[in-house]
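Coordinate inspection notes
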Amino acid sequence: MPSCRIISFYQYVSLQSSAWLLVLMSLERLLSILIKRWRALFKPKHAAIVCIMCIAIISLINVNVLVLFGYEVKTNTSTRVRCWVVNGVESTYWMATWNWIHSILYTYVPFLALAIVNTSLLVALKLKSKKNVGLTTTSVNKRQKSITITIVTVTLSFLLFTGFGAVVNFYIDSLNKSYVGSVIISLADTLFFVFHALNIFNLLASNKKFRQEFLKLIKLNIRIRFVSADETSKANNSGSTT
């Protein structure tokens, strides 16, 4: 029972947090374009506080999962834990209800928010670029533009991969009644997780700074492995000599 609740809680919180952090990043980019002194007002420490608060609020919203989820099915020989609705057991119906709430928090509302914010972001960026025609592009402006492109790219991926699942959730009750419907539901769930798995490749393709830091990390890891292997070899040689 505890494992069922912990895994479900972690899944709900991580998925919802990823969606709302993306909404906040998109909103921050929009504000940085609309407000000239935004960078002076909103420091990295403020961003960290906002992110922590976002995750904390989502965790509190989902805390009921740690108490109400899971149902023990007892037989003569064993006890099995079910992490989903058990037909005829009203106490488990809340899990289906909460899955709908999760869909609203993870797909529908973030989907709408991202569509509005990123449309506004692209319009604001277009208007700003027209005003800056003929002006010298600084390295800071290039970096800010790169970040904006990255966020828009990730957002479009989110809308693409979760949009199908959002539609499927509307018909989940009827789809559950057939084998083909179950396959469609499984496909929608898979696409939800594919979005998160592909994020690193999305960032590598769209953000130069991320690529540079990623390559540094790989080189550092290789260097550490070589040093560790060399030290192990020296220790073995020293041991065999003595």
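As a reminder, the structure under discussion sits directly above these lines.
Residues numbered from 1 in each chain as written. Predicted model: local features only at pLDDT ≥ 70, side-chain atom pairs only at ≥ 80, totals over all residues. Heavy atoms only, no water.

Of regular secondary structure, the protein possesses 9 helices and 2 strands. Reading the protein from its N terminus to its C terminus gives the helix and strand order α-α-α-α-β-β-α-α-α-α-α. Counting across all 242 residues of the protein, residues that qualify as buried make up 31%. Once local pairs closer than 6 in sequence are excluded, the contacts in the protein between residues at least 24 apart make up 72%. Carbon and sulfur atoms provide 68% of the accessible area of the protein, an area that totals close to 15,900 Å². (Helix = DSSP H or I, 4+ residues; strand = E, 2+ residues; numbered from the N terminus. Buried < 20%, exposed > 50% of the residue type's maximum accessible area, 1.4 Å probe, protein only. Contact = heavy atoms within 4.5 Å. Areas by Shrake-Rupley, 256 points an atom, 1.4 Å probe, with all protein chains shown as cover.)

At a minimum axis separation of 12 Å, helix α1 (residues 2-34) and helix α8 (residues 179-206) run at an interaxial angle of 60 degrees. Accordingly, the angle class assigned to the pair α1 and α8 is oblique. Crossing of α1 against α8: the hand is left-handed. On the side of α1, the interface is formed by Gln 11, Leu 15, Ser 18 and Leu 22, while α8 contributes Phe 193, Phe 195 and His 196. (Axes fitted to C-alpha atoms, helices over the stretch in contact; angles between N-to-C directions. Parallel < 35°, antiparallel > 145°, perpendicular 65-115°, else oblique. Left-handed = near helix turned anticlockwise from the far one by under 90°.)

The next subject is the packing of α1 against helix α5 (residues 93-131). Here α1 crosses α5 at 20 degrees, and the two axes come no closer than 9 Å. Classified by the angle their axes make, α1 and α5 are roughly parallel. Considering how the two elements wind past one another, α1 and α5 form a crossing that is left-handed. The residue inventory of the contact of α1 with α5, partitioned by class, reads 21 nonpolar, 7 polar and 2 charged. (Nonpolar A, V, L, I, M, F, W, Y, C, P; charged D, E, K, R; others polar.)

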